[in-house]
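Chain residues, written in single-letter form:
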Amino acid sequence: MTLAAVPTAVPDPADRSGLAGDTMRRIMHVAATIRHQQDVEIAELGLTPAVARALYELDPDRPLPARDLAEQLQCDRSNVTALVDKLEQAGLVQRRVDPTDRRQKTLVVTGAGRQVRQRVHEVMSDSRLFDALTTGELAALRELVWKVSDGSAAQHCGT
């Protein structure tokens, strides 16, 4: 998937609806390109995007109960159980009894999990798509994206 340098039909700036629609289509195209690149690199790690996101959300220095991970991912606990099963089968996470509450199990990132989590972080932070932008253009883009996003985009959980 590649991005076209210039849209083929530029909407009239006076046509706010057309301009907004074209902008939305371009944003969706950029998002799809980013998602495709990330999915390919995540698959090379032997993970699904949902499993990678679960690993990414775990703090290697703080064991976490699965229910807390479900809250962070905004997922049903049963979905998180499947994600954790996959992480555990891959040797990236271990379920351990919480020393402060033996009725509860926590998720502990293993040494291998730390390494894969670091790679997942690198994949999710890859900014090659923005290489053609100047620093000023990138700063302006960030401000505009922040202005329209307000950080409330819903995330989806899956296995």
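Residues numbered from 1 in each chain as written. Predicted model: local features only at pLDDT ≥ 70, side-chain atom pairs only at ≥ 80, totals over all residues. Heavy atoms only, no water.

Some points on the pattern of salt bridges
Condition: Each reported salt bridge corresponds to a side-chain nitrogen of Lys or Arg within 4 Å of a carboxyl oxygen of Asp or Glu. By the criteria applied, helices consist of DSSP H or I runs no shorter than four residues and strands consist of E runs no shorter than two, each listed in order from the N terminus.
Scanning all chains against the criterion turns up 11 salt bridges. Across the pair glutamate 122 and arginine 119 runs a salt bridge, and its minimum N-O distance is 3.3 Å. Residue glutamate 122 and its partner arginine 119 are located together in helix α5 (residues 111-124), separated by three residues, close to a single helical turn. Ionic contacts of the salt-bridge type, sharing partners, join the residues Glu41, Arg119, Glu122, Asp126 and Arg128 into one network.

Some points on the nonpolar core
To be explicit about the condition: To form a nonpolar core, buried Ala, Val, Leu, Ile, Met, Phe, Trp, Tyr and Cys residues must be joined to one another through side-chain atoms within 4.5 Å. The buried label goes to any residue with under 20% of its type's maximum accessible area, the exposed label to any with over 50%, and the partly exposed label to all in between, with areas taken from a 1.4 Å probe on protein chains only. Any two residues having at least one pair of non-hydrogen atoms within 4.5 Å are treated as being in contact.
Counting 24 residues, the largest nonpolar core has Leu47, Leu55, Leu58, Leu69, Leu73, Val80 and Leu87 as the members making the most contacts within it. For this core, the secondary-structure elements that each account for two or more residues are α2 (49-57), α3 (66-73), α4 (77-89), β3 (101-109) and α5. Sorting elements by how many residues they give to this core places α2 first, with five residues. For leucine 55, the residues in contact, after removing those within four places along its chain, are Leu87, Leu92, Val93, Val109, Gly113, Val116 and Arg117.

Taken by themselves, the reported measurements are silent on function.
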